[in-house]
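Each chain, letter by letter, is given below.
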Amino acid sequence: MDVTADELAASVAELVRIPSVNPLHAGPVARAADAVGERPLAEHVAGELEQLGASEVVLDDVVDGRPNVYGFFQGRSDRLAVVDVHLDTVTVEHMTDPPFDGRIEDDRVWGRGALDTKATMGVLLALLESWRRTGARPEPTLLVVGSIAEEAGGLLGATQLRPWADARGLEIDQMVVAEPTRLAPIHGHKGGTSLRVTSIGRAAHSALPHLGENAIDAMMPVVAALQAEHRRLQSEPPTTELGTGTLSVTTIRAGSGGNVIPDRCTIGVGRRTVPGEDPHEEFERIAAIARAACPLPTEIESVYPPDADGRYGAAAFYQPADTPLIRLLAGAAGTAPAVAPFGTNALRYGGFARELAVFGPGSIDDAHQATECVAIADLVTTAEVYEAWLDPA
Ligand SMILES: [Zn+2]
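Not measured: the values here are computed from a predicted model.

## Remarks on the overall build of the protein
Along the protein, the regular secondary structure elements total 9 helices and 18 strands. Radius of gyration (C-alpha) of the protein: 23 Å, near the 21 Å computed for a compact globule of 393 residues. Taken along its principal axes, the extent of the C-alpha atoms in the protein is 80 × 45 × 40 Å. For the protein, with 393 residues in total, the buried portion stands at 53%. Excluding contacts between residues fewer than 6 apart, the proportion of contacts in the protein whose partners are at least 24 apart in sequence is 79%. For the protein, the exposed area adds up to about 16300 Å²; of that, 50% sits on carbon and sulfur atoms. Separation of charge centres in the protein, based on 31 positive and 55 negative side chains, amounts to 5 Å.

## As for the packing of aromatic side chains
Here the structure, examined in full by the defined rule, presents 5 aromatic pairs. Between Y386 and W389 the ring centres are 5.7 Å apart and the planes differ by 55°, which places this aromatic pair in the tilted class. With Y386 and W389 both in helix 9 (residues 376-390) and 3 residues apart, the pair spans about one turn of that helix. Exposure remark for Y386: the relative accessible area of 1% places this residue in the buried category. The structure contains a cluster of three or more aromatic residues connected by ring pairs, namely Y70, F72 and W164.

## Here we look at the pattern of salt bridges
Under the counting rule described, the total for this entry stands at 27 salt bridges. The shortest N-O distance in the salt bridge between R232 and E236 comes to 3.5 Å. Connected through shared salt-bridge partners, E229, R232, E236, R271, E277, E282 and R285 make up one network.

## Thoughts on the domain arrangement of the protein
In terms of domain boundaries, the protein breaks down into domain 1 (5-189 + 316-390) and domain 2 (191-302). Using only C-alpha atoms to locate each centre, domain 1 and domain 2 end up separated by 36 Å. With 10 residues of domain 1 at the interface, the matching set in domain 2 holds 8 residues. Of the roughly 610 Å² buried where domain 1 meets domain 2, counting both sides, 67% is carbon and sulfur surface. For domain 1, the biggest contributors to the area lost against domain 2 are A316, Y318 and V339; these three give 69% of the whole. For the pair domain 1 and domain 2, the interface holds 0 salt bridges.

## Looking at the coordination of the zinc ion
Here the zinc ion is held by the protein donor atoms H86 (NE2), D116 (OD) and E179 (OE), which lie 1.8 to 2.1 Å from it. In terms of primary sequence, the donors binding the zinc ion are separated according to H-x29-D-x62-E. Here D116 is found in the loop between strand 5 (108-110) and helix 4 (118-134), whereas its partner E179 is found in the loop between strand 7 (172-178) and strand 8 (186-189), with 63 residues between them in sequence. Both residues of the pair, D116 and E179, count as buried.

## Notes on the sheet that holds strand 18 (residues 373-375)
Pairing is antiparallel across the open sheet formed by 3 strands, whose spatial order is 4-5-18. Two strands in the sheet have a free side with no partner beyond their single neighbour: strand 4 (104-105) and strand 18. When strand 5 meets strand 18, the two strands line up antiparallel, connected through 3 bridges. When the bridges of strand 18 are listed, W110 appears paired with C373.

## Observations concerning the nonpolar core
Of all hydrophobic cores here, the largest spans 56 residues; its most connected members are L49, V109 and Y386. For this core, the leading source of residues is helix 4, giving 9 residues. Ignoring sequence-local partners within four residues, the contact set of V109 consists of A9, V12, A13, G102, R103, I104, A114, E372, C373, V374, I376 and L379. By size, the runner-up hydrophobic cluster in this structure holds 28 residues, among which are L155, A165, L170 and F317.

## Details of helix 8 (residues 324-333)
Within helix 8, burial applies to L325, I326, L329, A330 and A333. Along the axis of helix 8, the buried positions cluster into a sector of 125°, meaning they face one direction only. Structurally, helix 8 contributes buried residues whose contacts are with strand 7, strand 8, strand 17 (353-359) and helix 9.

## Focus on the environment of R108
Mapping R108 onto the fold places it in strand 5. In contact with R108, not counting residues within four places along its chain, are R103, C373, V374, A375 and I376.

The rules behind these values
- Every chain is numbered independently, its residues counted from 1 as its sequence is written.
- Confidence filtering applies because this is a predicted model: local features only for residues at pLDDT of at least 70, side-chain atom pairs given and counted only at 80 or more, and all residues used for totals across whole chains, interfaces and linings.
- Calculation of side-chain values draws on the structure's entire complement of heavy atoms; hydrogens and water are dropped beforehand.
- Numbering goes from the N terminus for both helices and strands, where a helix is a DSSP run of H or I of at least four residues and a strand is a run of E of at least two.
- Radius of gyration: C-alpha atoms only; globule rule: 2.2 Å multiplied by the number of residues to the exponent 0.38.
- Three exposure classes are used, based on accessible area relative to the maximum for each residue type with a 1.4 Å probe and protein chains only: buried under 20%, partly exposed in between, and exposed over 50%.
- By the convention used here, residues are in contact when the closest approach between their heavy atoms is within 4.5 Å.
- In short, Shrake-Rupley with a 1.4 Å probe defines the accessible areas, and a residue's cover is counted only from the protein chains shown.
- Only four residue types enter the tally: Lys and Arg on the positive side, Asp and Glu on the negative side; His and the chain ends are excluded.
- A charged residue contributes its charge at one atom only: NZ of Lys, CZ of Arg, CG of Asp or CD of Glu.
- Two aromatic rings, drawn from Phe, Tyr or Trp (for Trp, its six-membered ring), form a pair once their centres lie within 6.5 Å of each other, and the interplanar angle then sorts them: stacked below 30 degrees, edge-to-face above 60, tilted otherwise.
- Here, a salt bridge means any side-chain nitrogen of Lys or Arg that lies within 4 Å of a carboxyl oxygen of Asp or Glu.
- Per the annotation, domain bounds derive from an automatic or database assignment of domains.
- Note on definitions: buried area is the accessible-area loss of two parts on being combined, 1.4 Å probe, summed for both.
- Any N, O or S atom lying within 2.8 Å of the metal counts as a donor, with the limit raised to 3.2 Å for Na, K and Ca; because water is left out of the atom set, some sites can appear incomplete.
- Strand pairing is assigned whenever DSSP identifies at least 2 bridges connecting the two strands.
- Joining through side-chain atoms within 4.5 Å is the link that ties buried Ala, Val, Leu, Ile, Met, Phe, Trp, Tyr and Cys residues into a set, and such a set is a nonpolar core.
- As used here, the arc is the angular range of directions from the helix axis to the C-beta atoms.

As structure tokens, then:
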């Protein structure tokens, strides 16, 4: 490998110093630092990819001036490998450490995004630079993707990548979605669907409650019915290592005053699905349970817009652990294949690539915290794994 640990650390640190807080996570700290949105990072990565000899670089506006970035590097074969790294980071409002200084200290790179997930983009850029120096090319043609809106907003970047690639007739052999996975190749995680249920009552003075229809009271049997549905799911036999589906009531909002019978109550419901479950059918099932349990009229809506087929939710990502890509990543990293408890851009990539893995340095346990860092030793391993996979020569 022609790249040093110092070069890898410097490359990740440079990306940390270009803030890219997801706009839905923006607060006063991020705004004061002019740190909101992915565009500056996307433009920086596009410039780097061009300098590193990409045959084509595209900035693809997704929404609100927030672009995905794509760069092609010609390989020695026609096979196509894709690495998707999300550009956005979570909030910095609760950080106790400077979020964007990208300092290198204690054998780590520090700052928001160092771990989740600028690490992989930094490693890729440093590797591409070392390949440019030596004139090496990867075995497969490589498409580097920086995608927006992974941390919040409905995986918009990943959603856009797919039709863009389909329109160009790209056939993807192997694809890695970068996330902190402790360098274990992830071959499955749950999918899901999210909805809001509102009970519609009638307001009245609380001294005369019989004149109103209490929307909170009406929601109580709905919550109980959804709890029963969760218990039913827990009693199903697991179909894979991902276990069984789950259902949780995650938010509730109602009431406008202590002396007013509430006319509306809204709950948020999150349903995590496992392989074999159709998230849209689960959406419809939850809606039916809520309507049947609620003594008042209901309004039901999806939290996220429908997909191209008008269906709500994303199916679980799952493929067997015993595929060439998963075996290669595990072997090169010295780890074992695993499944993940969290969702990723892979939710948008079912059937998109012949093989798909979620993979990257560091642990999701350390992501989204008041401090964030990635170990330089893990960056070195990541670079070694990518060399083993992409085989530059
Ligand atoms: Zn991430």
